[in-house]
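Residue-level structure breakdown
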Amino acid sequence: MWSELRGLKDEIDFGTPPRDGSPVTLDIDDVTVTVPAGSSIMLAAAKAGRAIPKLCATDMLEPFGSCRVCLVEIEGRGGFPASCTTPVVEGMKVKTSKTALVQRVDRRAEKLGAQR
Ligand code: FES
């Protein structure tokens, strides 16, 4: 039983199920990665070694995007889409760390801390 559990610990959960499309190349935090078309940004990020935090996503289920923990920034697009429900696009540039959203939250937290 323990050996099975140890095996599970070593498995990587890519966050969304794998796809079989043609290769798509994109940049995630300046790391170039190629994944099958139809893959999520979350899966591509995991393959690029840039794991994105997640609560409701697993590679055993189709993504449904309910927790909003996995938000990312995409160059040339407004807002902060959920990486688990957003498919990759050829040439896409994605930022997962220190996004404008995170910087905004950091500034707000600093202000709240200064008010105490
Ligand atoms: S992990 Fe929950 S919305 Fe993406």
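Residue indices begin from 1 for each chain and proceed along its sequence in written order. Reporting of local features is limited, given that this is a predicted model, to residues whose pLDDT is at least 70; pairs of side-chain atoms are given and counted only at 80 or more, and all residues count toward the totals for whole chains, interfaces and linings.

1. Some words on helix H3 (residues 100-115)
A helix here means a DSSP run of H or I that spans at least four residues, while a strand means a run of E at least two residues long, and both kinds are numbered starting from the N terminus. The span expected for a helix works out to 1.5 Å for each residue beyond the first. In a regular helix each residue adds 1.5 Å, so 16 residues correspond to 22 Å; H3 covers 23 Å between its end C-alpha atoms and thus fits that length. Along H3, only 0 of the 16 residues are buried, which leaves the element largely exposed. Any residue whose C-beta has 12 or fewer other C-beta atoms within 10 Å is treated as exposed, any with 20 or more as buried, and any in between as partly exposed, C-beta atoms being built from the backbone.

2. As for the pairing of strand E1 (residues 23-28)
On E1, burial follows the alternation: Val24, Leu26 and Ile28 on one face are buried, whereas Pro23, Thr25 and Asp27 on the facing-out side are not. We call two strands paired when DSSP finds no fewer than two bridges between them. Two elements, E1 and strand E2 (residues 31-36), share 6 bridges in a ladder whose sense is antiparallel. Among the inter-strand pairings, Pro23 is bridged to a residue of E2, identified as Pro36. Strand direction decides the pairing type here: E1 and strand E4 (residues 93-95), joined by 2 bridges, are parallel.

3. Observations concerning the nonpolar core
The nonpolar side chains of soluble globular proteins are, as a tendency, buried together. As used throughout, a nonpolar core is a set of buried Ala, Val, Leu, Ile, Met, Phe, Trp, Tyr and Cys residues joined through C-beta atoms within 7 Å of each other. Counting 21 residues, the largest nonpolar core has Leu26, Ile28, Ile41, Met42, Ala44 and Ala45 as its most contacted members. Within the residue set of this core, elements represented by two or more residues are E1, E2 and helix H2 (41-47). Ranked by residue count, the leading element in this core is H2, at 6 residues. It is the C-beta atoms, placed from the backbone, that decide contacts: two residues are in contact if theirs lie within 7 Å. Aside from chain neighbours lying at most four places away, what touches Met42 is Gly15, Thr16, Ile52, Lys54, Ala57, Cys70, Ser83 and Cys84.

4. Here we look at the confidence of the model for the chain
Looking at any residue, its pLDDT shows the predictor's confidence there, from 0 to 100. Counting all residues, the mean pLDDT for the chain is 88, and 90% of those residues have values of 70 or more. Put simply, helix H1 (residues 2-10) is where the chain has its lowest mean pLDDT, 57, and E1 is where it has its highest, 97.

5. Regarding unusual backbone geometry
Phi at Asp29 is positive, roughly 50°, even though this residue is not glycine. Its location among the elements puts Asp29 in the loop between E1 and E2. In the Ramachandran plot, Arg68 falls in the positive-phi region, its phi being about 65° despite a non-glycine side chain. Relative to the helices and strands, Arg68 is located in the loop between H2 and strand E3 (73-74).

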